[in-house]
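Structure assessment
As a plain string of letters, each chain reads:
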Amino acid sequence: MPTPRERRAELTAIDPAWSRIRDEAQAAIEDEPLLGGMMQLSVLHHDTLERALSYRISVKLVSGEMSEQILREIADEAITADPAIGQAARADLVATQERDPACERFLEPLLYFKGFQALQAHRVAHWLWAEGRRDMAQFLQARVSEVFGVDIHPAAVMGRGIMIDHAHSIVIGETARVGDNVSMLHSVTLGGTGKEDGDRHPKIGDGVLIGAGAKVLGNIQVGQCSRIAAGSVVLQDVEPRKTVAGIPARVVGESGCPTPSLSMDHLFPAGSD
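Residues numbered from 1 in each chain as written. Predicted model: local features only at pLDDT ≥ 70, side-chain atom pairs only at ≥ 80, totals over all residues. Heavy atoms only, no water.

Let's talk about the packing of aromatic side chains
- Scanning the model with the defined rule gives zero aromatic pairs in all.
- In this structure, arginine 20 packs its charged tip against the face of phenylalanine 106, placed 4.0 Å from the ring centre. (Phe/Tyr/Trp six-rings, centres within 6.5 Å; stacked < 30°, edge-to-face > 60°. Lys NZ or Arg CZ within 6 Å of the ring centre and 35° of its normal.)

A word on the sheet that holds strand β5 (residues 177-178)
- Here four strands make up an open sheet; going across it, the order is β2-β5-β8-β11 and the pairing parallel. Two strands lie at the open edges of the sheet, namely β2 (157-158) and β11 (221-222), each paired on one side alone.
- Across two bridges, strand β8 (residues 203-204) lies against β11 in parallel orientation. For isoleucine 204, the partnering residue across the bridge sits in β11 and is valine 222. (Pairing = 2+ DSSP bridges. Helix = DSSP H or I, 4+ residues; strand = E, 2+ residues; numbered from the N terminus.)

Details of helix α5 (residues 68-81)
- For α5, which comprises 14 residues, the first-to-last C-alpha distance of 20 Å matches the rise-based estimate of 20 Å (1.5 Å per residue) to within 8%.
- For α5, the full list of buried residues reads Leu71, Ile74, Ala75, Asp76, Ala78 and Ile79.
- Taken together, the buried residues of α5 touch α4 (49-61), α6 (83-99), α8 (114-130) and α9 (134-148). (Expected span 1.5 Å × (residues − 1). Buried < 20%, exposed > 50% of the residue type's maximum accessible area, 1.4 Å probe, protein only. Contact = heavy atoms within 4.5 Å.)

Things to note about the pairing of strand β15 (residues 250-254)
- Pairing of strand β14 (residues 242-245) with β15 involves four bridges; the strand directions are antiparallel. Counted as the bridge partner of threonine 243 is glycine 253 from β15.
- The loop that links β14 with its antiparallel partner β15 comprises four residues; one of these, glycine 246, has a positive phi angle of about 110 degrees.

In short, shape yes, function no, at least from these values alone.
Okay, here's the thing in structure tokens:
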């Protein structure tokens, strides 16, 4: 029988992210013993990150209308059926820890950051939507909105390695698509321009940085590795690797770096208006 040290080494080789989270949970208990019960239930009781995600989603979204057990079974079903959900969660963890200077551990997004938690719950709701279980998907969306203040339609397509900082008042519409390695701050809207039907929401390319309070409206394309300044209202396509700002937004320069979403640099490039 393997020793505890051998089991830890095996887990680290198989899933370094989950191994790191478990180590961080143990350290958190040593620093704050009163959190021991929470750390056991949320992290150490589970064999995989996927199981921990199901548990976290269920305890956050439980209500008088839907029990924790049922929610956990739904999340387990989705995450088991679609391994990409767990893979995306790991990419989101890494993205948050690397880009958010307030995040020092992988443990923090899993337990405390509503942007990360809302995004993982959306991934479950999106799976339900794709499976034709639209009422359950919309129920999860409604609970995510109530609990986290994040409203992502279950049909919206979200890439991997996404970081949603603070996450308050995020709105993402039904036909929106968000690429990989995108970063966005609070109060961002990816919405429509009116009551039009069909494909009516923005398509955000890989590596885009969207500043706080920005509104991107309509079925428009935001090219990869672009930057949208805080408070801007974007109504037209944005070419790749550009910085746009203003109401309505216009190009004020190049993006200033190869991947703005990774650098998280919100300053305008030198020489811009």
